[in-house]
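Take a look at the letters that make up each chain.
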Amino acid sequence: MSEASPGPAEVLRGGLRQPDRRSCGASVLVAARMLAEPAYAVSFAAAPSATFAREVLVLHRRVTGTHDVAGRLQLPWPRTIGTPPWAVSRHLTTMSGVPHATRPTRLGPRDEVEQVRVAVGGGHPVALYVGDRWLPRHVVLVVGASATAWQVYEPASGRVLDVATDAVRTHDLALAGWDVPWFVVRPRVVRPPAPRSPA
C-alpha cells in the first residue's frame, strides 16, 4: 500500500517565512512549487528556513525582472513594492502548464468562494492579494478548502492557518493584519474535479 501524500501544512512546516517585507508574493510562488513538486520540497529538508529565503529572493528578482522564468520578455516591476498579480499569474501558468488569470474580487458572493474551493480541490493553489479598504498589501496562498474553511499559507508568519469561509465573505480575514480580499490568481477556467470511478 502506498503512503498518503503529505498535506500542505506538512509540506510547508518549519516556519517558512518571507525573508523581507517585500517578498510575500515570491514566497507564495515558492510555496506553490513545493506543493507541486515533491522533489523540490525535499531539497529544503537540510536547512528549510535558509533554503526558502534564498529561493524566494532569487525568484523575486526573476518575477519582477525583464525576463520571466521561461526566459520571455516581461514588463519589469520595482521590487521595493512587492510582486504584481500579473507576474504571479504568469509564473503559475508557466509552472503548472494551466493558464491562470488575475481577477479583482471582494469574495462576497458565494460563487466566487466556491470557485476558489474548486480550483484548490483540483490541485491548483490560489494566490490571494489582501489589504485594507484602500489598497492590496499582502499576498497569501489558499492551499486547502472545504465548504466551511480555507487553509491559507501566510508567509509573514510562515504558517498554514485555518480561515472560516464566513470570515472570507465578511472581510474579516485577519491575515498578517489585513482583512479585505483584492485579487485572486487562479486557473482561468475552473471545473469541478471528475467523480471517482467506483472501485
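As the structure is a prediction and not an experimental result, all values here were calculated from the model.

Conventions adopted
Residues numbered from 1 in each chain as written. Predicted model: local features only at pLDDT ≥ 70, side-chain atom pairs only at ≥ 80, totals over all residues. Heavy atoms only, no water. Pairing = 2+ DSSP bridges. Helix = DSSP H or I, 4+ residues; strand = E, 2+ residues; numbered from the N terminus. Axes fitted to C-alpha atoms, helices over the stretch in contact; angles between N-to-C directions. pLDDT = per-residue confidence, 0-100. Parallel < 35°, antiparallel > 145°, perpendicular 65-115°, else oblique. Left-handed = near helix turned anticlockwise from the far one by under 90°. Contact = heavy atoms within 4.5 Å. Nonpolar A, V, L, I, M, F, W, Y, C, P; charged D, E, K, R; others polar. Buried < 20%, exposed > 50% of the residue type's maximum accessible area, 1.4 Å probe, protein only. Salt bridge = Lys/Arg side-chain N within 4 Å of Asp/Glu carboxyl O.

So, the sheet that holds strand β2 (residues 126–131)
Here we have six strands laid out as an open sheet, ordered β1-β6-β2-β3-β4-β5, and antiparallel in their pairing. In the strand order of this sheet, the two ends are held by β1 (100–104) and β5 (159–164), each with one partner. Across the sheet, the mean angle separating the axes of adjacent strands is 30 degrees when strand polarity is ignored. With five bridges connecting them, β2 and strand β6 (residues 180–187) associate as antiparallel partners. Note on β6: the bridge partner recorded for Leu-128 is Val-184.

Considerations on the confidence of the model for the protein chain
In this model, the protein chain carries a mean pLDDT of 91, and residues with pLDDT of at least 70 account for 93%. Confidence, expressed as mean pLDDT per element, reaches its minimum in the protein chain at helix α1 (residues 8–11) with 89 and its maximum at helix α2 (residues 24–36) with 98.

Notes on unusual backbone geometry
Here His-171, not a glycine, exhibits a phi torsion of approximately 60 degrees, which is positive. Inspection of the secondary structure puts His-171 in the loop between α7 (165–169) and β6. Here Ala-174, not a glycine, exhibits a phi torsion of approximately 55 degrees, which is positive. Position of Ala-174 among the secondary structure elements: in the loop between α7 and β6.

Describing the packing of α2 against helix α4 (residues 48–63)
At a minimum axis distance of 8 Å, the contact between α2 and α4 shows a crossing angle of 115 degrees. Looking at the two axes, α2 sits roughly perpendicular to α4. When you trace α2 past α4, the crossing you get is right-handed. Residues Ala-26, Ser-27, Leu-29, Val-30, Ala-31, Arg-33 and Met-34 of α2 pack against Phe-52, Glu-55, Val-56, Leu-59, His-60 and Val-63 of α4. Classifying every residue of the contact of α2 with α4 by side-chain character gives nine nonpolar, two polar and two charged.

What about the pairing of strand β3 (residues 136–145)?
The element β3 is largely enclosed, with a buried count of seven among its 10 residues. Strand direction decides the pairing type here: β2 and β3, joined by six bridges, are antiparallel. Of the residues in β3, the one forming a bridge with Val-130 is His-138. The turn joining β2 and β3, which pair antiparallel and follow one another in sequence, is formed by four residues. Across four bridges, the pairing between β3 and strand β4 (residues 149–154) is antiparallel. Counted as the bridge partner of Ala-145 is Trp-150 from β4. The loop that links β3 with its antiparallel partner β4 comprises three residues.

Comments concerning the pattern of salt bridges
Enumeration according to the criterion identifies six salt bridges in this entry. Residue Arg-22 pairs with Asp-20 through a salt bridge whose shortest N-O separation is 3.7 Å. The class of Arg-22 is partly exposed, set by a relative accessible area of 35%. A salt bridge links Arg-90 to Asp-68; the shortest N-O distance between them is 2.7 Å. With Arg-90 in helix α5 (residues 85–96) and Asp-68 in the loop between α4 and α5, this pair connects stretches of sequence that are 22 residues apart.

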